[in-house]
Amino acid sequence: GFVDKMTEYGFTQLISRPTRITDHSATLIDHIFTNVCHNVTKSGIISDSDMSDHLATYTRLLTDQGKIANKLNSGKSKKVQGRVINSDTMKIFKNEIELVD
């Protein structure tokens, strides 16, 4: 299957719990893979969301800020973006999603 093929190519699945849960089933369909496990500090599922039938997944990585700055300054890389996730930003996000038709 898909996960076996990713493993064959040297990738490790970081999410192991179901990400879509209904009254009749629970399946893992939102995957995050990596081939640099030593850079992963945390990964998981945000389970307190009721905005979708899927649970949000995340991964936090160690990064070398010097290398990122060098790539950005050399023009060899696209813009690197990050996001702060806390109770305040989750409230803002939920409010913005509710405004979408």
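Below or above, wherever it landed, is the structure these notes cover. (Residues numbered from 1 in each chain as written. Predicted model: local features only at pLDDT ≥ 70, side-chain atom pairs only at ≥ 80, totals over all residues. Heavy atoms only, no water.)

**Re the overall build of the protein**
Across its full length, the protein holds three helices and six strands. For the protein, the α and β elements follow one another from N to C terminus as α-β-β-β-β-β-β-α-α. Put simply, the protein has 101 residues, and 11% of those count as buried. In the protein, 41% of the contacts between residues at least 6 apart in sequence involve partners at least 24 apart. Taken as a whole, the protein presents about 8300 Å² of accessible surface, with 52% of it coming from carbon and sulfur. (Helix = DSSP H or I, 4+ residues; strand = E, 2+ residues; numbered from the N terminus. Buried < 20%, exposed > 50% of the residue type's maximum accessible area, 1.4 Å probe, protein only. Contact = heavy atoms within 4.5 Å. Areas by Shrake-Rupley, 256 points an atom, 1.4 Å probe, with all protein chains shown as cover.)

**Regarding the side chain of Thr19**
Within the secondary structure, Thr19 sits in the loop between β1 (12-13) and β2 (20-21). A polar contact of 2.7 Å, which involves the side chain of Thr19, links it to the side chain of Asp30. Apart from the residues within four sequence positions on either side, Thr19 is in contact with Thr27, Leu28, Ile29, Asp30, Ile45, Asp53, His54, Leu55 and Thr57. (Polar contact = N/O pair within 3.5 Å; in protein donor to acceptor, adjacent residues only side chain to side chain.)

**Comments concerning the nonpolar core**
Grouped together as the largest cluster of nonpolar side chains are five residues: Leu14, Ile15, Ile32, Ile45 and Leu55. Setting aside residues up to four positions removed in sequence, Ile32 forms contacts with Thr12, Gln13, Leu14, Ile15, Thr57, Tyr58 and Thr59. (Core = buried A, V, L, I, M, F, W, Y, C linked by side-chain atoms within 4.5 Å.)

**Some points on the packing of aromatic side chains**
According to the stated counting rule, one finds one aromatic pair in the structure shown. Centre to centre, the rings of Phe2 and Phe33 are 5.5 Å apart; their planes meet at 85°, and the pair counts as edge-to-face. Of this pair, Phe2 sits in helix α1 (residues 2-8) while Phe33 sits in strand β4 (residues 33-34); the two residues are 31 residues apart in sequence, bridging distant segments of the chain. (Phe/Tyr/Trp six-rings, centres within 6.5 Å; stacked < 30°, edge-to-face > 60°.)

**Observations concerning the pattern of salt bridges**
Taken as a whole and assessed by the stated rule, the structure comprises one salt bridge. A salt bridge links Glu8 to Lys5, with the nearest nitrogen and oxygen atoms 3.7 Å apart. One end of the pair, Glu8, and the other, Lys5, are both in helix α1, three residues apart, so they sit about a helical turn from each other. A relative accessible area of 40% places Lys5 in the partly exposed class. (Salt bridge = Lys/Arg side-chain N within 4 Å of Asp/Glu carboxyl O.)

As far as function goes, none of this settles anything; it's purely spatial.
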